[in-house]
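Secondary and tertiary structure notes
Chain by chain, the residues:
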Amino acid sequence: MSHERKVDVAVVGSGPAGHVAAIQMAKLGLSCVLIGPEHGGEDGRTTALLGSSVPYLQSLGLWDGIAAEGQALKIMRLIDDTGRLFKAPTTEFDSSEIDLEAFGYNIDNNRLVATLHAALEVQDQERVIQDKQLARSVRLESDGAMIEMEDGSVWQARLAIAADGRKSIVREAAGVEMRKWAYPQTAMVVNLHHPSTPHNNISTEFHTKTGPFTLVPYRDGFTSSLVCVVKPEDAERLKGMDRHLLALELERRAHSIYGAFEVISDPQSFPLSGMVAKQFYGPRAALIAESAHAFPPIGAQGLNLSLRDISSLADVIREDGAGDPGADDVVQTYGQLRRSDIWSRTAGVHMLNMSLISALPFGQGARTAGLALANMVPSLRKLMMKAGLDAPTKIGWTADAINKREKHS
Ligand SMILES: Cc1cc2nc3c(=O)[nH]c(=O)nc-3n(C[C@H](O)[C@H](O)[C@H](O)COP(=O)(O)OP(=O)(O)OC[C@H]3O[C@@H](n4cnc5c(N)ncnc54)[C@H](O)[C@@H]3O)c2cc1C
């Protein structure tokens, strides 16, 4: 028999974005249910949390736990390894040039979700109920969202937040269409130990003809996480290699910058695609994170953009939604506010990726010229760093918070 329970907000999807959204809603004083299965702890990825993500997570009281094992990203080094005739110069973006101690921190995804989960249990258990099963169906009506669970129970909420990823059933219920496209690429991720050479808090991105090969500081000074974007068949071949041979192959592709590698995790692969919703709201629904936008892991933008979705939604609810967080004007204002940030990130990542893999000289030339100019013109380099880091409105906040953290650590 179905029974109906009422909350202010139902967050559907219990990945990192869903967890943060639920904690944020509780901080606004709203009652909330976080719907979705418990995380399995088997995500081989790491997430570089950049720019305003740090102060935002600090403001929710989440940052110290998350950062405890993260590594600061102080320099981002881009190396042209396309082997093409017109090579971009090696370019280093140094956070100190824009008065930051670090661009951000790289965090293990399992640790990230475990920390968010623990924070929910400790801080917000009175306001956030966790329903650890899948939602079976969603109905969005003018007076509320009805979410039917696998066991037949039903949640009624004034606002449904879609954090249920690429195949979002909340988005489907809202009737929001997606623009979708595929890339002929797969990201292979694996963690590496390089005992002979420290990373010195430098993230190194080799631009290859099949996509970036990026080494990001991982758990300590001598480990890095690798995101290696290659053709799908190459990813499968790498994944199938014995750990010793894989280490040798990856060292070759990294031009031995850190000497010999030891593979310390099982490689995982993620086929790349892009998608963006035509609008970011529906009746009684706000679309956030990968239910609204997804693109290749270039420049570490995905979850950072999602955190800005949540922070924006909270701002709108604080401003206009005290009476009803799912009112039409609240969700519409949220949708409008998010358009330029989401679309510009999606387009930027797409163009950068295409400039690597396209055989057409125009994109390649633009990337080469852009990096050459960045090398020569400090003001342009600073502009590129700030643009890569955040939405323009967030820069001041970021600098204050990151620098404060470094001084206290
Ligand atoms: C190789 C790689 C590297 C990346 N690196 C970075 C980086 O450095 N920085 C960065 O910012 N981003 C990065 N990203 C992007 C980032 O990983 C994603 O943005 C993020 O993991 C998505 O989190 P999410 O919570 O939106 O979605 P998900 O993690 O997909 O969570 C969706 C959740 O919804 C649940 N769910 C689905 N359907 C239902 C349902 N019907 N009912 C209830 N629950 C449901 C699922 O179980 C899941 O828990 C990277 C991505 C890749 C592929």
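Let me sum up the structure you'll find in this document. Residue positions are counted from 1 within each chain, in the order its sequence is given. Only residues with pLDDT of at least 70 are given local features in this predicted model, and only at 80 or more are side-chain atom pairs given and counted; all residues enter the totals for whole chains, interfaces and linings. Calculated side-chain values reflect all of the structure's heavy atoms, with hydrogen atoms and water omitted.

1. Things to note about the overall build of the chain
This is how it is decided: Under the DSSP-based scheme used, a helix requires at least four consecutive residues in state H or I and a strand at least two consecutive residues in state E, with every element numbered from the N terminus. Think of it in three bands: with a 1.4 Å probe and only protein chains considered, a residue is buried below 20% of the maximum accessible area for its type, exposed above 50%, and partly exposed in between. Two residues qualify as a contact provided that any one of their heavy atoms is within 4.5 Å of a heavy atom in the partner residue. Residue exposure ignores everything except the shown protein chains as possible cover, and the areas themselves are Shrake-Rupley values with a 1.4 Å probe. Two residue types count as positive, namely Lys and Arg, and two as negative, namely Asp and Glu; His and chain ends fall outside the count. By convention, the point assigned to a charge is CZ for Arg, NZ for Lys, CD for Glu and CG for Asp.
The helix and strand tally for the chain stands at 12 helices and 20 strands. Counting only C-alpha atoms, the chain reaches 65 × 45 × 45 Å along its principal axes. Split into buried and exposed, the 409 residues of the chain put 56% on the buried side. Considering only intrachain contacts with a sequence separation of at least 6, the fraction spanning at least 24 residues in the chain is 73%. Summed over its atoms, the accessible surface of the chain is roughly 17,400 Å², and 54% of this surface lies on carbon and sulfur atoms. If you average the places of the 42 positive and of the 49 negative side-chain charges in the chain, the two averages end up 5 Å apart.

2. Some thoughts on the environment of E38
Worth spelling out the cut-off: Think of a polar contact as two N or O atoms within 3.5 Å of one another; within protein, one of them needs to be a possible hydrogen donor and the other a possible acceptor, and neighboring residues in sequence only count if both atoms come from side chains.
Looking at the secondary structure, you find E38 in the loop between strand 2 (32-35) and strand 3 (46-50). Sequence separation between E38 and A10 is 28 residues, and the spatial gap between their C-alpha atoms is 16 Å. The contact partners of E38, leaving out residues within four places of it in the chain, are H117 and K132. At 3.2 Å, the side chain of E38 forms a polar contact with the side chain of K132.

3. Digging into a negative patch on the surface
Our working rule: Within this analysis, patches are made of residues with over 30% relative accessible area and no salt bridge. Like charges are joined at 9 Å or less; nonpolar side chains (Val, Leu, Ile, Met, Phe, Trp, Tyr) at 5 Å or less. Salt bridge, as applied in this entry: a Lys or Arg side-chain nitrogen positioned within 4 Å of an Asp or Glu carboxyl oxygen.
Side chains of E319, D320, D328 and D329 sit close together on the surface and give a patch of like negative charge. For the negative patch, the secondary-structure elements that each account for two or more residues are helix 8 (302-320) and helix 9 (328-357). With respect to the element layout, E319 can be found in helix 8.

4. Some details on a nonpolar patch on the surface
Judged by side-chain polarity, L373, M376 and V377 come together as a nonpolar surface patch covering roughly 270 Å² of accessible area. By the secondary structure assignment, V377 is in the loop between helix 10 (361-376) and helix 11 (378-389). Residue classification places V377 among the partly exposed positions, given a relative accessible area of 31%.

5. Describing the pattern of salt bridges
This structure, assessed with the given rule, holds 21 salt bridges. For R237, the salt bridge is made with D234, and the minimal N-O distance between the two is 3.1 Å. Remark: D234 and R237 occur in helix 6 (residues 232-239); sequence separation between them is three residues, near one turn of the helix. With a relative accessible area of 44%, R237 lands in the partly exposed category. Across the pair D266 and R243 runs a salt bridge, and its minimum N-O distance is 2.8 Å. Taken together, the residues span a long stretch of sequence, with D266 in the loop between strand 16 (262-263) and strand 17 (268-277) and R243 in helix 7 (residues 243-253) at a distance of 23 residues. A relative accessible area of 56% means that D266 is categorised as exposed. Three or more residues joined by partner-sharing salt bridges are found here, namely D234, R237, E249, R252 and R253.

6. Description of the side chain of Q133
Looking at where Q133 falls in the secondary structure, it is placed in the loop between strand 8 (128-131) and strand 9 (135-141). Only 3.1 Å separates the side chain of Q133 from the backbone nitrogen of D151, close enough to count as a polar contact. Apart from the residues within four sequence positions on either side, Q133 is in contact with I35, G36, P37, M149, E150, D151 and S153.

7. As for unusual backbone geometry
Even without glycine at this site, N200 takes up a positive phi of about 55 degrees. Among the secondary structure elements, N200 is positioned in the loop between strand 12 (178-193) and strand 13 (202-208). Of the residues examined, N200 reaches a relative accessible area of 53% and is grouped as exposed.

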